[in-house]
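Chain residues, written in single-letter form:
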Amino acid sequence: TLSYIDMVDLKRFSLPTGNYPLEVSLKDLNTKDEPTILKNDVAIAQPPTEANFSSVMFIDRYETSKTENVYTKGGIDMYPNPLSYYPENANRLSFYTELYNTTTLTDTEFLINYFVRRHNDTQNQIVAELRKLKRQKAAAVIPVLADFDISKLPSGNYDAVIEVRNKKNELVVQKTQLFQRS
């Protein structure tokens, strides 16, 4: 397993729509150097009212939660992979996203399709049969936890793709996230 967990600080909180200043200060405690300060403005948009996915979070590992902590979502501890990079010794690709507002869809039942494709392959050619399908009923929030064996996946740039398809197999919404394999 990868172990980037020491570099990750995860905080979840809700903010109203608006613009916010963000300041992060980084200090190496082993030197007398001044901290590095990063500043950026963050815009929090009004949540969409149509079906949509949250950001995709790549996961280093996950397990049933014994006690709730900052990595717990829905009773599962999910430790992020912040680099979206999978070296040769990493044999699992796991990611998490949430699907919102499916109660606004015409069809109350639909298909969640997730797969791996070469980066920017608009033909959606599935790589090494890395694909899963899940029938789903509409709900306000639907968690999606995907897990693939990538032990035979060659080096390259890939997209993790998650999509919703209606009963006519028409694309309703899609989310892609780039990752690298070496």
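See the structure printed just above.
Residues numbered from 1 in each chain as written. Predicted model: local features only at pLDDT ≥ 70, side-chain atom pairs only at ≥ 80, totals over all residues. Heavy atoms only, no water.

(A) View of the sheet that holds strand β9 (residues 109–118). If you walk across this open sheet you meet the five strands as β7-β13-β12-β9-β10, and the pairing is mixed. If you trace the sheet from one side to the other, it starts and ends with β7 (85–86) and β10 (126–137), each paired once. Bridge count for β9 against strand β12 (residues 156–165) is eight bridges, and the pairing is antiparallel. Within β12, the position partnered with F115 by the bridge is V161. (Pairing = 2+ DSSP bridges. Helix = DSSP H or I, 4+ residues; strand = E, 2+ residues; numbered from the N terminus.)

(B) How the structure looks around unusual backbone geometry. At S84, a residue that is not glycine, the phi angle is positive and equals roughly 55 degrees. Its location among the elements puts S84 in the loop between β6 (76–80) and β7. With a phi close to 50 degrees, A128 is a non-glycine residue in the positive phi region. Position of A128 among the secondary structure elements: in strand β10.

(C) Representation of the environment of L29. Within the secondary structure, L29 sits in the loop between β1 (18–26) and β2 (36–44). Remark: the alpha-carbon pair of L29 and R92, spanning 63 residues in sequence, is separated by 34 Å.

(D) Here's a closer look at the side chain of R117. Along the polypeptide, R117 turns up in strand β9. At 3.5 Å, the side chain of R117 forms a polar contact with the backbone oxygen of D121. Residues contacting R117, with those up to four places away along its chain left out, are N124, Q125, V127, Y158, D159, V161, Q174 and T176. (Polar contact = N/O pair within 3.5 Å; in protein donor to acceptor, adjacent residues only side chain to side chain. Contact = heavy atoms within 4.5 Å.)

(E) Geometry of the environment of N19. Mapped onto the fold, N19 is located in strand β1. For the pair N19 and D41, spaced 22 residues apart in sequence, the C-alpha to C-alpha distance is 6.8 Å.

(F) Expanded view of the nonpolar core. With 28 residues, the main nonpolar core has L93, F95, I112, F148 and F179 as its most contacted residues. Counting residues per element, the ones that place at least two in this core are β8 (92–100), β9, β10, β11 (141–149), β12 and β13 (171–181). (Core = buried A, V, L, I, M, F, W, Y, C linked by side-chain atoms within 4.5 Å. Buried < 20%, exposed > 50% of the residue type's maximum accessible area, 1.4 Å probe, protein only.)

(G) Region of the structure containing the packing of aromatic side chains. This structure, assessed with the given rule, holds nine aromatic pairs. Ring geometry for F58 versus F95: centroids 6.3 Å apart, planes at 75 degrees, classification edge-to-face. One end of the pair, F58, is in strand β4 (residues 57–64); the other, F95, is in strand β8, with 37 residues separating them in the sequence. With a relative accessible area of 3%, F58 lands in the buried category. Arranged with centres 6.4 Å apart and planes meeting at 40 degrees, the rings of F95 and F148 form a pair that is tilted. One end of the pair, F95, is in strand β8; the other, F148, is in strand β11, with 53 residues separating them in the sequence. Under the relative-accessibility criterion, F95 is labelled buried at 0%. Owing to a relative accessible area of 4%, F148 belongs among the buried residues under this scheme. (Phe/Tyr/Trp six-rings, centres within 6.5 Å; stacked < 30°, edge-to-face > 60°.)

(H) Region of interest: the pattern of salt bridges. Tallied over the entire structure, the rule returns seven salt bridges. Here E98 makes a salt bridge to K73, at a shortest N to O gap of 3.2 Å. Taken together, the residues E98 in strand β8 and K73 in strand β5 (residues 72–73) connect sequence positions 25 residues apart. Given a relative accessible area of 10%, E98 falls into the buried group. (Salt bridge = Lys/Arg side-chain N within 4 Å of Asp/Glu carboxyl O.)

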